[in-house]
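Structure at a glance
What follows is each chain in one-letter form.
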Amino acid sequence: MPPSRRPLRATFKASAVALAAALLVTTAGTPLAGGQNSGSLDTDSLSPGTGSSGSLGSAGSSGGGANDELVGPDAPPLQDIEHSIIPKDDTTIADPGTVVSVTGETGDNQSTVITPDQDDLPTVGDPFVVDVAPGSPVGVLGRVTGLTTLPSGLVQVTTEPADIDEVYDEFSINTTVRLEDAVSTDGGSGTGPMGRMQARSGASMPFRGLGSHLVCEDSVPVDFDVDLNIADMSAQVVFNPLDKYLKIVMTYEQSVEFSLSYNDGFECHVPPERMPRALLPLAGPLGLQTGPALEIEGGSAITLSATSRSTRSDGIEISDERSRAISDADYSLNEISLDAGAEATVFLGIKAEIAADIAAVRAAAGVSAGPEFTGSLNSRDCAELTASIRLAATVSASAFWTFRWTVNIVLARIGFLSLIIECGSTGTTTTRPTGTTTTTPTTTTSAPPPGFQDGAITNLVVGQGLNCDVQSPTDGRSVYYGPGACATIAFVDGQSYGTAVPASGGFNTGWTPVAQSTTGSATAADPLVIRTTVRAGDTGIELTQVDYFVDGSPGYQTDITVRNSSGVAKDVTIYRAVDCYLSRSDYGTGSVYSRSVSCNDNSGRRIAFTDLTGGALRQESSYGQIWDVARTGADYSDTSLSTEHDNGMGINWNRTIPVGGSAILRSRFQLDEPVNPANGRAAARIAPLGAGPDVKRDQPTEGVQNLPTSVPTS
């Protein structure tokens, strides 16, 4: 007779100390056997469903050792590794903000387009590096094979692959990076990576998964629904392959709500391309590609649902032939419901790999770690919920170094903690293994915000007075009010200088146009370059603004050079400001991140400015406030409004320009689209291009300077 099925509903809260202690009891004194050598590491090596079950072992080809263990994240390291990145004397590293585009993957032939203000141009035959950084989310590691000056004045650098030890005298990583510093993210749609705004998703990676996202053995139908979110993540990364040392520890908040039901045994996972991921800058051309991982497995018929929240640290440390798991967690399982005739296991972890871009097919090292929950009927015919730590790790130094250090820990399940046992009761009162009794509170969980992927913009135009416009094919019109409510403004000698744009109210004095030129074909190989020079009256301050644009890309970079030809030093404030009109609406909300500011619509779309130079202040507020700040020479307040309003946004820099001196200020504009949770594709709104003009109630009057109608993009 088959066992009866019982619903299990429980609340469990375990302190980090209690969980770690319970897991250590199960592993203390037991050598963990069986690490294996592996071949080259690719990005599937840590994916769920790609390895057979095994155990944590010593690194390399030798067997397990008695020192293998589970420790907390604060345990003293097995080696003291310093952070030291020293390039060779003949290596040229692209200056921050000078990279316009990169084509090709790291490890293959690449082409990099840089601005002519690079301090030292590379030499053919010498090493060339592009660091993973805001505005340049693809690393370049190569030896220069050619230099070409394009008609626009940009320089195209072609490279062939090189190894890190051919380019650097020292390359030892010991750093901590945060999710909010991501330079590239992918919402999981599989549409591919693009450059991203700083702090793309408000320091979170949400994922909504359905049964259609799963890849299952034998095509077994599974009814599955999960809302998963990883937030406030930081990662400690220590890596020196010369010393055969790797440590990756991820600290994060995890919230998940899931349900699954099936009638037969199955084993399924969500492929990496369907999961959200982010690239965080590490050192030189390398970053940390990270995102959630998910796998489910079951025997015969079962129905299981749960809501879980935890703050946790998960990772691994490998030192030559010794390895140990790192884990520490504070759990809160708010509600679990189990109607069981067999066993079901759900792995909800996080994956991190050292790679050169978000779409890298090669990685130098990586780890997949996190909690694995199992709901089952035990030998006493009682429903039981257990937890263990699941871990996989791999090292393949030859991906970026000339020598080999290879490790493959296929799959380890470490420790065993019985969370709840229920025998017979169908109510909300449950009995823990300790014999204490608790009552489950009623809880609700809101769905996480949508994931994001790159949008697309087209038809950038810049006026002779530094007013501008750009369109969204999704909206079928400009993303600015007007169109054309976009301006670069300066405040110097007590006066504001700028071109009157729609509903701005104008400025004290207009720019004096000096020159404007347009070159390039708006492709990645030959970006459109719009170079505009203006003067601020007779102050001696002159601005040259250069906009670099690839048609159909998610964003574009703007470099502003401020020069002082007067006889005295000048205090100058430079503003970039817009009146937002996203999704064909003059109303929205805002967000401020570590180096960015955005206007958002109610579906999660956003347009944003990101400071690539450093030191900028930013603000999202009512459009009138944004123009008033620039008109009066004040600073933006690093704030935004969360209630819907007629909004605008801006950033500003304060600089003292010495006599005969100059300063360069770099920024990036970006459009993000939300990923539709149901199908992983961007939401779409299609309408004919060229909508407008727009009208506001009580609109300020000003003499608006018209923009050119278009800039060729062929």
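Up top you'll find the structure we're talking about.
If you're wondering where the values come from, they're calculated on a predicted model, not measured in any experiment.

A look at the state of the cysteines
Evaluation of the coordinates by the stated rule reveals three disulfides. Linked covalently through their sulfurs, Cys216 and Cys268 form a disulfide whose S-S length is 1.9 Å. Negative torsions about the S-S bond denote left-handed disulfides, and the value of about 110° found for Cys216 with Cys268 makes this one right-handed. Linking Cys216 in strand β13 (residues 215-216) with Cys268 in strand β16 (residues 266-269), this pair joins segments that are 52 residues apart in sequence.

Observations concerning the pattern of salt bridges
Overall, the coordinates contain 13 salt bridges when judged by the stated rule. Note that Arg390 is salt-bridged to Glu295, the shortest N-O span being 2.4 Å. Taken together, the residues Arg390 in strand β23 (residues 383-396) and Glu295 in strand β18 (residues 286-298) connect sequence positions 95 residues apart. Each of the two residues, Arg390 as well as Glu295, counts as buried.

Describing the packing of aromatic side chains
Counted according to the given criterion, the structure contains 11 aromatic pairs. Ring geometry for Tyr168 versus Phe171: centroids 4.8 Å apart, planes at 65°, classification edge-to-face. In terms of burial, Tyr168 and Phe171 fall into one category: buried. A connected cluster of aromatic rings, assembled from ring pairs, spans Tyr480, Phe549, Tyr556, Phe609 and Phe669.

Some remarks on the sheet that holds strand β6 (residues 110-114)
Pairing within the open sheet is mixed, and its six strands lie in the order β4-β7-β8-β9-β6-β5. Each edge of the open sheet carries a strand with a single partner, namely β4 (92-93) and β5 (99-103). Pairing of β6 with strand β9 (residues 155-161) involves five bridges; the strand directions are antiparallel. Along β9, the bridge assignment pairs Thr112 with Val157.

A look at the nonpolar core
Formed by 51 residues in total, the largest nonpolar core has its most connected members in Phe239, Leu246, Leu288, Ile318, Ile354, Val367 and Phe400. With five residues, the top contributor of residues to this core is strand β14 (residues 223-240). Discounting residues that sit within four places of it in the chain, Ile354 has contacts with Val237, Phe239, Leu246, Ile248, Leu282, Leu286, Gly287, Leu288, Ala363, Ala364, Ala365 and Phe400. Ranked by size, the runner-up nonpolar core spans 42 residues in total, among them Val492, Ile530, Val562 and Met649.

A closer look at the pairing of strand β28 (residues 458-462)
For β28, a buried count of five out of five residues is recorded, marking the element as mostly surrounded by other parts of the structure. Bridge analysis of β28 against strand β29 (residues 468-472) gives three bridges, and the strand direction is antiparallel. Counted as the bridge partner of Val461 is Asp469 from β29.

Definitions and limits used
- Residues numbered from 1 in each chain as written.
- Predicted model: local features only at pLDDT ≥ 70, side-chain atom pairs only at ≥ 80, totals over all residues.
- Heavy atoms only, no water.
- Disulfide = S-S within 2.5 Å.
- Helix = DSSP H or I, 4+ residues; strand = E, 2+ residues; numbered from the N terminus.
- Salt bridge = Lys/Arg side-chain N within 4 Å of Asp/Glu carboxyl O.
- Buried < 20%, exposed > 50% of the residue type's maximum accessible area, 1.4 Å probe, protein only.
- Phe/Tyr/Trp six-rings, centres within 6.5 Å; stacked < 30°, edge-to-face > 60°.
- Pairing = 2+ DSSP bridges.
- Core = buried A, V, L, I, M, F, W, Y, C linked by side-chain atoms within 4.5 Å.
- Contact = heavy atoms within 4.5 Å.

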